[in-house]
Amino acid sequence: MKETFRAYFVHAFTATGAVWAMLAMLAAVEQKWSLMFVWLVVALIVDGVDGPMARKYDVKAKAPIIDGVLLDLIIDYLTYVFIPAFALFNSGLLPGWTGWLAIIVITFASALYFADTRMKTADASFSGFPGCWNMVAVVVFATRPDFWIILALVIVLSVAMFLRIKFVHPVRTQRWRVVTLPMALAWVGFAGWAAWLDFNEPPLVYGGLLVTSVYLLLAGAVQQVIFREKL
């Protein structure tokens, strides 16, 4: 009985991501970007913690009524894709037709990617860019690049979803985890800090966000080249 309760508690914990998503969306509608990203960071933390909890308490066997994978994907699409895409569109960072193009490309490509059965690799990494548009949006809001750069980034990463390029999972990818996990935790810290300061972050936060983002974006591809991996 105790094991069953713990397993369903993990599902309930995962489901709180939908609440954080709604709070983030309400903030986005009111263009309260810093508050929106704070809620998205909270959702990101939940997403990072619930997986290890689910494996520890064997939720697939102990709480089989709820499909934890499906639940996770639904919430991930909201927090990783839908809300960040809306934020990029509604923020004015992508004017005119560029905003429409970005929001259509992001939501369409990500829906296909999230249903791709080849999403995960043998070492629990991701095959193709894993649709982490929440992380992309944080960096864009913090750095405020020219809209052509943002649009190019959207197109390149959307195409990268369907290329056989490896992207590390911060928790589950064993290789370099001693570096990757601290980098991911540092990214969360820098992102939360930047959002808390309403994206008027000091150079330390700005630089830290860029360094950790570049590492998380490229570490998997570098592993492929060094170890000659085929996905």
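Everything below is about the structure printed above this text.
Reading the values: rules and limits
- Residues numbered from 1 in each chain as written.
- Predicted model: local features only at pLDDT ≥ 70, side-chain atom pairs only at ≥ 80, totals over all residues.
- Heavy atoms only, no water.
- Helix = DSSP H or I, 4+ residues; strand = E, 2+ residues; numbered from the N terminus.
- Rg over C-alpha atoms; globule rule 2.2 N^0.38 Å.
- Areas by Shrake-Rupley, 256 points an atom, 1.4 Å probe, with all protein chains shown as cover.
- Expected span 1.5 Å × (residues − 1).
- Contact = heavy atoms within 4.5 Å.
- Buried < 20%, exposed > 50% of the residue type's maximum accessible area, 1.4 Å probe, protein only.
- Phe/Tyr/Trp six-rings, centres within 6.5 Å; stacked < 30°, edge-to-face > 60°.
- Polar contact = N/O pair within 3.5 Å; in protein donor to acceptor, adjacent residues only side chain to side chain.
- Core = buried A, V, L, I, M, F, W, Y, C linked by side-chain atoms within 4.5 Å.
- Axes fitted to C-alpha atoms, helices over the stretch in contact; angles between N-to-C directions.
- Parallel < 35°, antiparallel > 145°, perpendicular 65-115°, else oblique.
- Left-handed = near helix turned anticlockwise from the far one by under 90°.
- Nonpolar A, V, L, I, M, F, W, Y, C, P; charged D, E, K, R; others polar.
- Patch = residues over 30% accessible without salt bridge, like charges linked within 9 Å, V, L, I, M, F, W, Y side chains within 5 Å.
- Salt bridge = Lys/Arg side-chain N within 4 Å of Asp/Glu carboxyl O.

A word on the overall build of the protein. A tally of helices and strands in the protein yields 9 helices and 2 strands. Its C-alpha atoms give the protein a radius of gyration of 17 Å, near enough to 17 Å, the size a compact globule of 231 residues would have. With the C-alpha coordinates aligned to their principal axes, the bounding extent of the protein is approximately 55 × 45 × 35 Å. For the protein, the accessible surface area stands at approximately 11,900 Å², while carbon and sulfur atoms represent 72% of it.

Here helix α5 (residues 97-114) contains 18 residues, and its C-alpha end-to-end distance of 26 Å stays within 8% of the 26 Å for a straight helix at 1.5 Å per residue. Where α5 is buried, its residues contact α4 (68-90), β1 (126-127), α6 (133-143) and α7 (147-160).

Its 28 residues give helix α1 (residues 2-29) an end-to-end C-alpha distance of 41 Å, which sits within 8% of 40 Å, the value for a rise of 1.5 Å per residue. By the burial criterion, the buried members of α1 are Ala-7, Val-10, His-11, Thr-14, Gly-17, Ala-21, Ala-24, Met-25, Ala-27 and Ala-28. Where α1 is buried, its residues touch α2 (33-56), α3 (59-62) and α4. One or two positions beyond α1, positive phi appears at Gln-31, with a value near 60 degrees.

The next subject is the packing of aromatic side chains. Scanning all chains against the criterion turns up 13 aromatic pairs. Ring geometry for Phe-129 and Phe-167: centres 5.8 Å apart, planes at 70 degrees, overall edge-to-face. In this pair, Phe-129 is assigned in the loop between β1 and α6 and Phe-167 in strand β2 (residues 166-167), connecting sequence segments 38 residues apart. Here Phe-129 matches Phe-167 in class, with each residue buried.

So, about the side chain of Thr-173. If you trace the backbone, Thr-173 turns up in the loop between β2 and α8 (177-196). A distance of 2.8 Å separates polar atoms of two side chains, one belonging to Thr-173 and the other to Ser-125. At 2.8 Å, the side chain of Thr-173 forms a polar contact with the backbone nitrogen of His-169. Residues in contact with Thr-173, not counting those within four places in the same chain, are Asp-123, Ala-124, Ser-125, Lys-166, Val-168 and Gln-223.

Grouped together as the largest cluster of nonpolar side chains are 61 residues, with contacts concentrated most on Met-36, Phe-37, Phe-129, Trp-133, Phe-141, Trp-187 and Leu-209. Where this core is concerned, the elements lending two or more residues are α1, α2, α4, α5, α6, α7, α8 and α9 (203-227). A per-element tally of this core places α6 first, with 9 residues. The contact partners of Phe-37, leaving out residues within four places of it in the chain, are Asn-134, Ala-137, Val-138, Phe-141, Ala-195 and Phe-199.

Attention now moves to the environment of Phe-13. Position of Phe-13 relative to the elements: it lies in helix α1. In this structure, the C-alpha to C-alpha distance between Phe-13 and Asp-50, residues 37 residues apart in sequence, is 7.1 Å. Excluding anything up to four places from it in sequence, Phe-13 contacts Val-46, Val-49, Asp-50 and Met-53.

A separate point is the packing of α5 against α7. Where α5 contacts α7, the axes come no closer than 10 Å and their chain directions differ by 20 degrees. By the angle between their directions, the pair α5 and α7 is classed as roughly parallel. Crossing geometry of α5 relative to α7 is assigned as left-handed. Note on element contacts: α7 touches α5 through Phe-147, Trp-148, Leu-151, Val-154 and Ser-158, opposite Trp-97, Thr-98, Leu-101, Ala-102, Val-105, Ile-106 and Ala-109. Among the residues forming the contact of α5 with α7, the class breakdown is 10 nonpolar, 2 polar and no charged.

Quick look at a nonpolar patch on the surface now. There is a patch of nonpolar side chains on the surface, built from Trp-97, Leu-101, Trp-148, Ile-155, Val-159 and Leu-163 and spanning about 580 Å² of accessible area. Elements with a minimum of two residues in the nonpolar patch: α5 and α7. Among the elements that make up the nonpolar patch, the one with the highest residue count is α7 (3 residues).

Take the packing of α4 against α6 next. Helix-helix packing is described using two parameters, namely the angle between the two axes and the distance between the axes. Where α4 meets α6, the closest approach of the two axes is 7 Å, and the angle between their N-to-C directions is 30 degrees. Viewed along their axes, α4 and α6 adopt a mutual orientation that is roughly parallel. Each of Thr-79, Tyr-80, Val-81, Pro-84, Ala-87 and Leu-88 in α4 lies in contact with α6, whose residues at this interface are Trp-133, Asn-134, Ala-137, Val-140 and Phe-141.

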